[in-house]
Amino acid sequence: MDLTLKVWRQKDSKSKGQFKEYKISNISEGSSFLEMLDILNEDLVAKNEDPIHFDSDCREGICGMCSLFINGRPHGPEEEITVCQLHMRTFNDGDTITIEPWRAKAFPVLKDLVVDRSSFERIIQAGGHVGVNTGGIPDANAIPIPKEKADLAMDAAACIGCGACVAACKNASAMLFVSAKVSQLALLPQGNAERTRRVTAMVNQMDSEGFGACTNTGACEAECPKGISLSNIARMNREYYSAKIGSRQD
Ligand code: SF4
Ligand code: FES
């Protein structure tokens, strides 16, 4: 395949960025999108040019690092996959592909396509963990958990913290991410002890990081590579208001 790539280039967080156009030839349809960028970077290095900086790690759809906005969509045109799982057969020979970094005030661009997502880490640090001593490993059935709740907790735990929900949202809201992290613990008995403090701390941290408000457009759920449900946002709101009025609500 022969392609034209319009790639956002930005020297550092203080510089003004701009699109730069690259032509690339003989790309196999079986290549992944990131392999295609690797090939382009090898060409650039061979020409003594600065390679395009982008994030990736596992390249298996697990770590959430590969954050690219491709043709106006986080992670590109396919449903429920990350960029590392996207293959060039999704595109056509001769296509022009626009590649940008996540755009949100709370995710400042560091260089080219790399953004700083440490705001997500600080939200997790604020309460996205079980901080009480839960003792040794209990027998498998010592803590009864209804199957429906265990399934919902597992579904919420599928969030990989990629930030596509923020990138997709016109308000750059982090509600889907935070609600997944709140839900995965709030649904389980082990997370119950710190439930009130957790949701309050995580929502406060989210707000202080500069993420926007949720206006229920649903763009986050539509672009989430792990299919995280909007119902988690409703659950987080219930948790938050219950914490605020000092009562508990399942
Ligand atoms: S909710 Fe989905 S889109 Fe948002 S960080 Fe988690 S996996 Fe990524
Ligand atoms: S590189 Fe890990 S999810 Fe894409």
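Here's what I pulled together on the structure shown here.

About the criteria used
Residues numbered from 1 in each chain as written. Chains lettered and ligands numbered in written order. Predicted model: local features only at pLDDT ≥ 70, side-chain atom pairs only at ≥ 80, totals over all residues. Heavy atoms only, no water. Phe/Tyr/Trp six-rings, centres within 6.5 Å; stacked < 30°, edge-to-face > 60°. Helix = DSSP H or I, 4+ residues; strand = E, 2+ residues; numbered from the N terminus. Buried < 20%, exposed > 50% of the residue type's maximum accessible area, 1.4 Å probe, protein only. Near = heavy atom within 4 Å. Nonpolar A, V, L, I, M, F, W, Y, C, P; charged D, E, K, R; others polar. Expected span 1.5 Å × (residues − 1). Contact = heavy atoms within 4.5 Å. Pairing = 2+ DSSP bridges. Axes fitted to C-alpha atoms, helices over the stretch in contact; angles between N-to-C directions. Arc of directions from axis to C-beta. Core = buried A, V, L, I, M, F, W, Y, C linked by side-chain atoms within 4.5 Å. Salt bridge = Lys/Arg side-chain N within 4 Å of Asp/Glu carboxyl O.

A few words now on the packing of aromatic side chains. Counted by the stated rule, this structure contains 8 aromatic pairs. Measuring from ring centre to ring centre gives 5.7 Å for Phe 33 and Phe 91, while their planes differ by 45°; the resulting arrangement is tilted. Pair noted here: Phe 33 is in helix H1 (residues 33-46) and Phe 91 is in the loop between strand S4 (73-74) and strand S5 (96-100), with a separation of 58 residues, a long-range link. For the pair shown, Phe 33 and Phe 91 are each scored as buried. Plain terms: the ring middles of Phe 107 and Phe 211 are 5.6 Å apart, the flat faces sit at 80° to each other, and that makes the pair edge-to-face. One end of the pair, Phe 107, is in the loop between S5 and strand S6 (109-111); the other, Phe 211, is in the loop between helix H6 (195-208) and helix H7 (219-223), and 104 residues separate them in sequence.

It is worth spelling out the site of ligand 1 at this point. Around ligand 1 sit 13 residues, and of these Cys 159, Cys 162, Gly 163, Cys 165 and Cys 224 come closest. Those elements giving two or more residues to the shell around ligand 1 turn out to be helix H4 (164-168) and helix H5 (175-186). Of the residues contributing to the shell around ligand 1, the split by class is 11 nonpolar, 2 polar and no charged.

In an α-helix there are 3.6 residues to a turn, and that puts residues three or four apart on one side. With 14 residues, H6 extends 20 Å between its outermost C-alpha atoms, agreeing within 8% with the 20 Å of an ideal straight helix rising 1.5 Å per residue. Taken together, the buried positions of H6 are Arg 195, Arg 198, Val 199, Thr 200, Met 202, Val 203 and Met 206. Buried residues along H6 sit in contact with helix H2 (118-127), H5 and helix H8 (231-244). Two residues or fewer after H6 comes Gly 210, characterised by a positive phi angle close to 95°.

The subject of this paragraph is the sheet that holds strand S1 (residues 3-9). Here we have 5 strands laid out as an open sheet, ordered S2-S1-S5-S3-S4, and mixed in their pairing. Here the strands that pair on one side only, and so sit at the sheet edges, are strand S2 (18-24) and S4. Of the pairings in the sheet, the one linking strand S3 (residues 69-70) to S5 comprises 2 bridges and is antiparallel in character. Paired with Ile 70 across the strands is Ile 99, a residue of S5. Lying over the sheet, H1 contacts S1, S2, S3 and S5, oriented at roughly 90° with respect to S2.

For H2, the set of buried residues is Ser 119, Phe 120, Ile 123 and Gly 127. One side of H2 holds all its buried residues, which, seen down the axis, span an arc of 105°. Where H2 is buried, its residues meet H4, H5 and H6.

This brings us to the nonpolar core. By size, the foremost hydrophobic cluster in this structure holds 36 residues, and its most contacted members are Phe 107, Val 166, Val 178, Met 206 and Phe 211. The set of elements that each furnish at least two residues to this core consists of H2, H4, H5, H6 and H8. The element best represented in this core is H5, accounting for 6 residues. Setting aside chain neighbours within four positions, we find Val 178 in contact with Ile 123, Met 202, Met 206 and Met 236. Judged by nonpolar contacts, the second largest core, of 28 residues, contains Leu 5, Leu 34, Met 88 and Leu 113.

Our next topic: the pattern of salt bridges. Within this structure, the stated rule accounts for 13 salt bridges. Taking the shortest distance from any N to any O, the salt bridge between Asp 50 and Arg 9 comes out at 3.8 Å. Here Arg 9 lies in strand S1 and Asp 50 lies in the loop between H1 and S3, a separation of 41 residues in the sequence. Assessed through its relative accessible area of 39%, Asp 50 is described here as partly exposed. Here Arg 9 falls in the buried class, since its relative accessible area comes to 14%. Between Asp 55 and Arg 117 there is a salt bridge; the shortest N-O distance is 3.7 Å. Within this pair, whereas Asp 55 is found in the loop between H1 and S3, its partner Arg 117 is found in the loop between strand S7 (114-115) and H2, the two being separated by 62 residues in sequence. In this structure, Asp 55 and Arg 117 share a single accessibility class: buried. One continuous salt-bridge network, built from bridges that share partners, spans Arg 9, Asp 50, Lys 111 and Asp 112.

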